[in-house]
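Each chain, letter by letter, is given below.
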Amino acid sequence: EYTDPCCSWAWGTEPKLRSLRWRYGAQIDWRTVLGGLVDDASGAYEGMDDADAGARLARYWSLVAEHTSMPYPVHLRWPPLTSHRMGQGVCVAAFQGVEHGEALLRALREAIFVFGRPADTWERILDLAMVLPGLDTVAFARDLQSEHAAAAYEVDWAETRRPNAYVVGLEGDWPG
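Participant: Go over the state of the cysteines, please, and point to the residues and values.
Facilitator: Summed over all chains, the structure comprises 0 disulfides. For Cys-91, which is in no disulfide, the shortest distance to another cysteine sulfur is to Cys-6 and amounts to 14 Å.

Participant: Give a description of helix 1 (residues 8–24) that names residues and reports values.
Facilitator: Taking 1.5 Å per residue, 17 residues should reach 24 Å; helix 1 reaches 25 Å between its end C-alpha atoms and fits that length. Those residues of helix 1 that sit buried are Ser-8, Trp-9, Ala-10, Trp-11, Gly-12, Glu-14 and Leu-17. Tucked into the core, helix 1 has its buried residues touching strand 1 (2–3), helix 2 (50–68) and helix 4 (98–113). Among the residues trailing helix 1, Gly-25 stands out with phi positive, at a value near 40 degrees.

Participant: Report on the pattern of salt bridges, specifying residues and quantitative values.
Facilitator: A complete count under the given rule lists 10 salt bridges for this structure. Note that Arg-109 and Glu-1 form a salt bridge whose closest N and O atoms lie 3.6 Å from each other. Within this pair, whereas Arg-109 is found in helix 4, its partner Glu-1 is found in the segment before strand 1, the two being separated by 108 residues in sequence. By relative accessible area, which is 2% here, Arg-109 ends up buried. Take Glu-1: its relative accessible area is 23%, and that puts it in the partly exposed class. Between Glu-14 and Arg-106 there is a salt bridge, with the nearest N and O atoms lying 2.0 Å from each other. One end of the pair, Glu-14, is in helix 1; the other, Arg-106, is in helix 4, and 92 residues separate them in sequence. Glu-14 sits in the buried class, given a relative accessible area of 6%. Ionic contacts of the salt-bridge type, sharing partners, join the residues Glu-1, Glu-14, Arg-18, Arg-21, Glu-102, Arg-106, Arg-109 and Glu-110 into one network.

Parameters and conventions
Residues numbered from 1 in each chain as written. Predicted model: local features only at pLDDT ≥ 70, side-chain atom pairs only at ≥ 80, totals over all residues. Heavy atoms only, no water. Disulfide = S-S within 2.5 Å. Helix = DSSP H or I, 4+ residues; strand = E, 2+ residues; numbered from the N terminus. Expected span 1.5 Å × (residues − 1). Buried < 20%, exposed > 50% of the residue type's maximum accessible area, 1.4 Å probe, protein only. Contact = heavy atoms within 4.5 Å. Salt bridge = Lys/Arg side-chain N within 4 Å of Asp/Glu carboxyl O.

Honestly, it's all geometry; don't read function into it.
Here it is as structure tokens:
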């Protein structure tokens, strides 16, 4: 699964992916690869306050929600300024087990698309991780900004920039 916590289309596709996992379980080799959709959006909203910038992005996400039927943050408090930290956080949680990485990815998406409060800083990511069951939060906090974590995320990021021939050859005019 090539994904990003900030991607509204990935959020909208999540029910389908969960259904595949439920239906086919161990028959599918599943791997989550984080892509870094939002590099640094601070310049995109320059001159706007957080509420205006959030409203602008929420309008786009409302179009995605029409297609996917997933909720979107009508009152987005601020637009996510980067997804790189989030992706690195998911990689760090996955060091403790795939299920922990998946739980943090889900929590990051809910923070954005349900609660309208993106966890786009180290502190906010750590706050989310603190409530995840079974995660060693001391180890998570220690590793969050480590070189090892950055390297793991960089491998994922680089993989998403090398699409295979099938993806490159896709043709069509569809949303998402």
